[in-house]
Amino acid sequence: DILQRIALANPSIAFSLYENDRKKFSLPACNGDLFDARLARISAIMGREFGENSILISAEREGVKISGYISLPTLNKANSLSQFLFVNNRPVRDKLLLGAIRGAYQDVLASGRYPLCALFFDVEPQLVDVNVHPAKAEVRFYDNALVRGLLVSSIRNGLNLHANRTSNVLNLEQLVNDKIPNFQSPLSEENRLEESVSLDDKKKEEE
């Protein structure tokens, strides 16, 4: 998780993780401008579905800049683990920011569901305190209302601009997995083969 967050913040750098000589993941360096490189790295970590069903966010106000990608409301999860936040390229899990994201989606997302996102906050150093949490997971902004308002408005503006779009990936098995841990889909590869054979036999009988 730590390496993935660092990799998200640095898309131009390649990352590989090995455990007992086994490669856990390998992320090549991403080329192109910052937004393209970020989207390529985000898709590599969060999945192609996010890359295909995301909305670009870019807003700035009074020394605070927000950029990154959020998911369409129809692409969501049962927890907030796929919400990646960075302040001056430092990974954080800040309650103010997470609450603002939840508030921005409250009218378009069912209770208990969470959007996916990777958002980057560039703030003038004098406007943010990064030493308020032992693990530096949270920050304190000089003007919390400004940051929260900018985040909520930029997300809602993005959602409104793409109000007619819906996720082009409906992964029913993933949705059920979110609700039922260790769920085994009835349409596993083995079951699909058995179903195919059964249908072939039935067709022969009818002939």
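Just so you know, these numbers come straight off a predicted model, no measurement behind them.

Focus on the packing of helix H4 (residues 95-105) against helix H5 (residues 144-161)
Thinking step 1. Interhelical geometry of H4 versus H5 gives an angle of 35° and a closest axis separation of 9 Å. For H4 against H5, the interelement crossing comes out right-handed. Contacts between H4 and H5 pair Leu 96, Leu 97, Gly 99, Ala 100, Ile 101, Gly 103, Ala 104 and Tyr 105 from the former with Asn 144, Val 147, Arg 148, Leu 151, Val 152, Ile 155, Arg 156 and Leu 159 from the latter.
Thinking step 2. Per-class residue counts for the contact of H4 with H5 are 11 nonpolar, three polar and two charged.

Looking at the nonpolar core
Thinking step 1. If you look at the biggest cluster of nonpolar residues, it comprises 31 residues, and the most contacted ones within it are Ile 70, Leu 85, Leu 97, Leu 119, Phe 121, Leu 151 and Ile 155.
Thinking step 2. It is H5 that provides the largest number of residues to this core, a total of seven residues.
Thinking step 3. Apart from the residues lying within four places of it in its own chain, the contact partners of Leu 85 are Arg 90, Pro 91, Val 92, Leu 97, Leu 98, Ile 101, Cys 117, Leu 119 and Phe 121.
Thinking step 4. Membership of the second largest hydrophobic core comes to 17 residues, among which are Phe 25, Ile 42, Ile 45 and Phe 84.

Quick notes on unusual backbone geometry
Thinking step 1. Unlike most non-glycine residues, Asp 21 shows phi in positive territory, near 65°.
Thinking step 2. By the element assignment, Asp 21 lies in the loop between strand S1 (15-19) and strand S2 (22-27).
Thinking step 3. Exposure remark for Asp 21: the relative accessible area of 78% places this residue in the exposed category.
Thinking step 4. Even without glycine at this site, Asn 89 takes up a positive phi of about 70°.
Thinking step 5. The topology assignment puts Asn 89 in the loop between strand S6 (83-87) and strand S7 (90-92).
Thinking step 6. Assessed through its relative accessible area of 37%, Asn 89 is described here as partly exposed.

Overview of the environment of Asp 33
Thinking step 1. Residue position: Asp 33 is located in the loop between S2 and helix H2 (34-46).
Thinking step 2. Look at Asp 33 and you get partly exposed, because its relative accessible area is 44%.
Thinking step 3. Looking at Asp 33, its side chain comes within polar contact range of the main-chain nitrogen of Asp 36, at 2.8 Å.

Thoughts on the packing of aromatic side chains
Thinking step 1. Counted according to the given criterion, the structure contains one aromatic pair.
Thinking step 2. With 4.7 Å between their ring centres and 10° between their planes, Phe 86 and Phe 120 make a pair best called stacked. Taken as a pair, Phe 86 in strand S6 and Phe 120 in strand S9 (residues 117-123) lie far apart in primary sequence, 34 residues in all.
Thinking step 3. Taking the relative accessible area as the measure of exposure, Phe 120 reaches 2% and is therefore buried.
Thinking step 4. Above the ring of Phe 120, the side-chain terminus of Arg 38 is found at 3.7 Å from the ring centroid.

Section: H5
Thinking step 1. With 18 residues, H5 extends 26 Å from end C-alpha to end C-alpha; this agrees with the ideal 26 Å at 1.5 Å per step.
Thinking step 2. What H5 keeps buried is the set Leu 146, Val 147, Leu 150, Leu 151, Val 152, Ser 154, Ile 155, Gly 158 and Leu 159.
Thinking step 3. In the core, the buried residues of H5 are packed alongside strand S3 (54-61), strand S4 (64-71), H4, S9 and strand S11 (140-141).
Thinking step 4. Between the side-chain oxygen of the N-cap and the backbone nitrogen of Ala 145 there are 3.3 Å, and the N-cap of H5 in question is Asp 143.

Section: the packing of helix H1 (residues 2-9) against H2
Thinking step 1. Two elements in contact, H1 and H2, have axes whose closest approach is 9 Å; the angle formed by their N-to-C orientations is 160°. Here H2 runs roughly antiparallel to H1, going by the angle between their axes. Helix-helix and strand crossings are classified by hand; for H1 and H2 the assignment is left-handed. Residue-level contacts link Gln 4, Ala 7 and Leu 8 of H1 to Arg 41, Ile 42 and Ile 45 of H2.
Thinking step 2. When its residues are assigned to classes, the contact of H1 with H2 shows four nonpolar, one polar and one charged.

Notes on the environment of Leu 159
Thinking step 1. One can find Leu 159 in helix H5.
Thinking step 2. C-alpha of Leu 159 to C-alpha of Tyr 105: the two residues are 54 residues apart in sequence and 8.7 Å apart in space.
Thinking step 3. Those residues within four positions of Leu 159 in sequence are excluded, and the remaining contacts are Ile 55, Ile 70, Ser 71, Pro 73, Ala 104, Tyr 105 and Val 108.

Cut-offs used in this document
Residues numbered from 1 in each chain as written. Predicted model: local features only at pLDDT ≥ 70, side-chain atom pairs only at ≥ 80, totals over all residues. Heavy atoms only, no water. Axes fitted to C-alpha atoms, helices over the stretch in contact; angles between N-to-C directions. Helix = DSSP H or I, 4+ residues; strand = E, 2+ residues; numbered from the N terminus. Left-handed = near helix turned anticlockwise from the far one by under 90°. Contact = heavy atoms within 4.5 Å. Nonpolar A, V, L, I, M, F, W, Y, C, P; charged D, E, K, R; others polar. Core = buried A, V, L, I, M, F, W, Y, C linked by side-chain atoms within 4.5 Å. Buried < 20%, exposed > 50% of the residue type's maximum accessible area, 1.4 Å probe, protein only. Polar contact = N/O pair within 3.5 Å; in protein donor to acceptor, adjacent residues only side chain to side chain. Phe/Tyr/Trp six-rings, centres within 6.5 Å; stacked < 30°, edge-to-face > 60°. Lys NZ or Arg CZ within 6 Å of the ring centre and 35° of its normal. Expected span 1.5 Å × (residues − 1). Parallel < 35°, antiparallel > 145°, perpendicular 65-115°, else oblique.

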